[in-house]
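What the coordinates show
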Amino acid sequence: MKEKEQAIRCSECSHCSGFRPVGNTRTEFTCTHPDQRYIQDYFSRKNMRKMPGFIGFGERYSEEVPVRTAPAWCPKKRAPEEDRNGQCPP
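Residues numbered from 1 in each chain as written. Predicted model: local features only at pLDDT ≥ 70, side-chain atom pairs only at ≥ 80, totals over all residues. Heavy atoms only, no water.

Focus: the side chain of D35
Keep this limit in mind: Strands here are runs of E lasting at least two residues and helices are runs of H or I lasting at least four, both read from the DSSP assignment and numbered beginning at the N terminus. When accessible area is computed with a 1.4 Å probe and restricted to protein chains, residues below 20% of their type maximum are described as buried, those above 50% as exposed, and intermediate ones as partly exposed. Contacts described as polar in this section are N or O atom pairs within 3.5 Å, which, within protein, must combine one atom able to donate a hydrogen with one able to accept it, while residues neighboring in sequence count only if both atoms come from side chains.
Position of D35 among the secondary structure elements: in the loop between β2 (26-31) and α1 (36-45). By relative accessible area, D35 is classed as buried at 6%. A polar contact of 2.8 Å, which involves the side chain of D35, links it to the side chain of R78.

Some remarks on the environment of G56
Where we set the bar: We call two residues in contact whenever any of their non-hydrogen atoms come within 4.5 Å of each other.
By the secondary structure assignment, G56 is in strand β3 (residues 54-60). Sequence separation of G56 and F29 is 27 residues, and the distance between their C-alpha atoms is 5.4 Å. With residues up to four places along the chain from it excluded, the contact list for G56 reads T27, E28, F29 and P66.

Laid out in structure tokens, this is it:
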């Protein structure tokens, strides 16, 4: 029987960062992975208009990450054949 691959979860990741501005009721979660260049390249290639690395807003007065699994742009999900610029070799 084939062994199941473990899903990557933002809530368990050490790079997931939450910030709640003063006077705001919702926490903003972002990815602070050291490979920010890959995230920015992914967002530009896919023509995504939101802030690169933004995961989402939490519920009111909650510190729980709003996504169950990591988004498609997560550097941990990157295919091994992609180089540091996010380009696949020919």
